[in-house]
Amino acid sequence: MPELPEVETVRKGLMQHIVGKTVEKVIIREKRLRWEIPELLVTVLPNQSIKTIHRRGKYLLLECTTGYILIHLGMSGNVGIMPVKTKIKKHDHLDIIFTDKTCLRYHDPRRFGCVLWLTDREQHPLLSNLGIEPLEKSFNGTYLYDHAQRRRLAVKNYIMNSHVVVGIGNIYASEALFMAKLNPKQPAKEITLAQYQQLAKMIKKVLKQAIHQGGTTLRDFTNSTGKQGYFKQQLQVYGRDNLPCVHCNTAIINEKIGQRSSYYCPICQQF
């Protein structure tokens, strides 16, 4: 599933190509995604302009004249900007066509993503209970420490909880915990303020690095221009089970934590 850096990469790409454009029409080919694409888009979007594009967690929010197009890429979705006459492929479910004859095309083989219409972004149930953004100044070790008290769950599951902090998926949680020298199985409530300060710092670092590199080349992720990211080249633990740790040469362990594959070094990340 695309994580925060991948979604931010898509947002930046779309900003360059569609902000200021006016919608001419909408074509829905397959509405049965995770939630059905509302038919309302066909009538409400024409003649509206794209004012800017926001990201909230892993959601894209295309701000229009009277509301927002909410897009989630699901497990395998992507959006691309192309001439309206570009050949339609299987799983091309939606076109938002602009007056300059370009279109934003939503492609999703597994159909786990969504495209919805919002008039109030603050109160929508998909957004209203989300936690803090990890790249904001207010996200720090004190915030993590304060919210971790009495939480028995593993720290990896804690930082992946979208009600606490948004957008930290499996890849970057594994990487940040390795960089902070914290074992992913350690209970969140047992980690000290100093350790959380280091973890918050590493979360910001790994996310910024990934955004700079254009995301991670896993599965079907491509950015808005169809190019893959390059951060996979720099992953230190994720996907490296049984390979030597980059610091101590101990074999990296792959273990299920909260139903997710978790990668860590048993020496550098001692419990």
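To be clear, the structure that these remarks concern was listed above.
How each quantity is defined
Counting restarts for each chain, with residues numbered from 1 along the sequence as it is written. Only residues with pLDDT of at least 70 are given local features in this predicted model, and only at 80 or more are side-chain atom pairs given and counted; all residues enter the totals for whole chains, interfaces and linings. To obtain the side-chain values, all non-hydrogen atoms of the structure were used and water was disregarded. Labels follow the DSSP assignment, with helices taken as runs of H or I lasting at least four residues and strands as runs of E lasting at least two, numbered in each case from the N terminus. Throughout, radius of gyration means the C-alpha value; the globule benchmark is 2.2 Å times the number of residues raised to the power 0.38. Type-normalised accessible area, obtained with a 1.4 Å probe on protein chains alone, sets the label of each residue: buried when under 20%, exposed when over 50%, and partly exposed for intermediate values. Note on contacts: a residue pair qualifies if any of its non-hydrogen atoms lie within 4.5 Å across the two residues. Only four residue types enter the charge count, namely Lys and Arg as positive and Asp and Glu as negative; His and the chain termini do not. For this purpose, a charge sits on NZ of Lys, CZ of Arg, CG of Asp or CD of Glu. Criterion used throughout: strands pair if DSSP finds at least two bridges between them. We place a 1 Å grid over just the protein atoms. Points where a 1.4 Å probe fits but has no way out form a cavity, open points with protein on both sides within 12 Å along at least 5 of 7 lines form a pocket, and any residue with an atom within 4 Å of a point lines it. Grid points are joined across faces, edges and corners, and a volume is the space filled by probe spheres set on the points. The nonpolar class holds Ala, Val, Leu, Ile, Met, Phe, Trp, Tyr, Cys and Pro. Asp, Glu, Lys and Arg form the charged class, and all remaining residues, Gly among them, are polar. Criterion for a salt bridge: a side-chain nitrogen of Lys or Arg within 4 Å of a carboxyl oxygen of Asp or Glu. An axis is simply a line fitted to the C-alpha atoms; with a helix, the fit covers only the stretch in contact. Between two such axes, the angle follows the N-to-C directions and lies from 0 to 180 degrees. To estimate how far a helix should extend, the number of its residues minus one is multiplied by 1.5 Å.

A.B. asks: Which parts of the structure should I look at to understand the overall build of the chain?
C.D. replies: Counting its regular elements, the chain contains six helices and ten strands. Scaling as 2.2 N^0.38, a compact globule of 271 residues should have a C-alpha radius of gyration of about 18 Å, and the chain matches this with 20 Å. Its C-alpha atoms put the chain at 60 × 35 × 30 Å along the principal axes. By residue count, 52% of the 271 residues in the chain fall in the buried class. Sequence-distant contacts in the chain: of pairs separated by 6 or more residues, those separated by 24 or more amount to 64%. Both charge centroids of the chain, one from 39 positive and one from 22 negative side chains, sit 4 Å from each other.

A.B. asks: What should I look at first to understand the pairing of strand β4 (residues 68-72) in this one?
C.D. replies: Along a regular strand, successive side chains alternate from one face of the sheet to the other. In terms of residue burial, β4 counts as a mostly covered element, since five of its five residues are buried. Burial along β4 is two-sided: Tyr68, Leu70 and His72 facing one way and Ile69 and Ile71 facing the other are all buried. Pairing between strand β3 (residues 59-63) and β4: five bridges, direction antiparallel. The residue of β4 that forms the bridge with leucine 61 is leucine 70. In terms of strand pairing, β4 meets strand β8 (residues 114-118) through five bridges, oriented antiparallel.

A.B. asks: For this particular structure, what's the right way to read the layout of surface pockets?
C.D. replies: The volume enclosed by the second largest pocket comes to roughly 160 Å³. Residue lining of the second largest pocket: Asn78, Gly80, Met82, Thr86, Lys87, Lys89, Asp92, Arg105 and His107, and that is the complete set. Counting only elements with at least two residues in the lining of the second largest pocket, the list comes to β5 (78-83) and β7 (102-107). In terms of residues, the lining of the second largest pocket owes the most to one element, β5, which gives three residues. By residue class, the composition of the lining of the second largest pocket is one nonpolar, four polar and four charged.

A.B. asks: For this particular structure, what's the right way to read the pattern of salt bridges?
C.D. replies: Close approach of charged atoms allows side chains with opposite charge to pair. Counted by the stated rule, this structure contains 16 salt bridges. Salt-bridge contacts for arginine 29 lead to aspartate 95; the nearest nitrogen and oxygen are separated by 2.7 Å. Within this pair, whereas arginine 29 is found in the loop between β1 (23-28) and α2 (40-44), its partner aspartate 95 is found in strand β6 (residues 92-98), the two being separated by 66 residues in sequence. According to the relative accessible area criterion, arginine 29 is partly exposed, its value standing at 31%. The partner of arginine 32 in a salt bridge is glutamate 30, with the nearest N and O atoms 2.9 Å apart. Among the residues examined, glutamate 30 registers a relative accessible area of 15% and is labelled buried. Each of the salt bridges in this network shares a partner with another, and the network as a whole consists of Glu8, Arg11, Arg55, Arg56 and Glu133.

A.B. asks: Just to check I follow, could you spell out the sheet that holds β7 for this structure?
C.D. replies: Whether parallel or antiparallel, the strands of a sheet pair through hydrogen bonds between backbone atoms. Here four strands make up an open sheet; going across it, the order is β1-β6-β7-β5 and the pairing antiparallel. The sheet is open, and its two edges are formed by β1 and β5, each paired on a single side. Mean inter-strand twist for the sheet, computed between neighbouring axes without regard to direction, equals 20°. Pairing of β1 with β6, which is carried by five bridges, proceeds in the antiparallel orientation. If you follow valine 26 over to β6, its bridge partner there is isoleucine 96. With respect to the sheet, helix α1 (residues 4-18) is in contact with β5, β6 and β7, its orientation differing from that of β5 by roughly 20°.

A.B. asks: Looking at this model, I keep getting lost on helix α6 (residues 193-213). Mind explaining?
C.D. replies: Helical geometry: 3.6 residues make up each α-helical turn, so side chains three or four residues apart lie on a common side. Taking 1.5 Å as the rise per residue, α6 with 21 residues should run 30 Å; its terminal C-alpha atoms sit 30 Å apart, in good agreement. When α6 is considered as a whole, its buried residues turn out to be Tyr196, Leu199, Ala200, Met202, Ile203, Lys204, Val206, Leu207, Ala210 and Ile211. Looking at the packing, one finds that the buried side of α6 touches α1, α3 (141-148), α4 (155-159) and α5 (170-179). Taken from the residues just after α6, glycine 214 is the one with a positive phi, measuring 95°.

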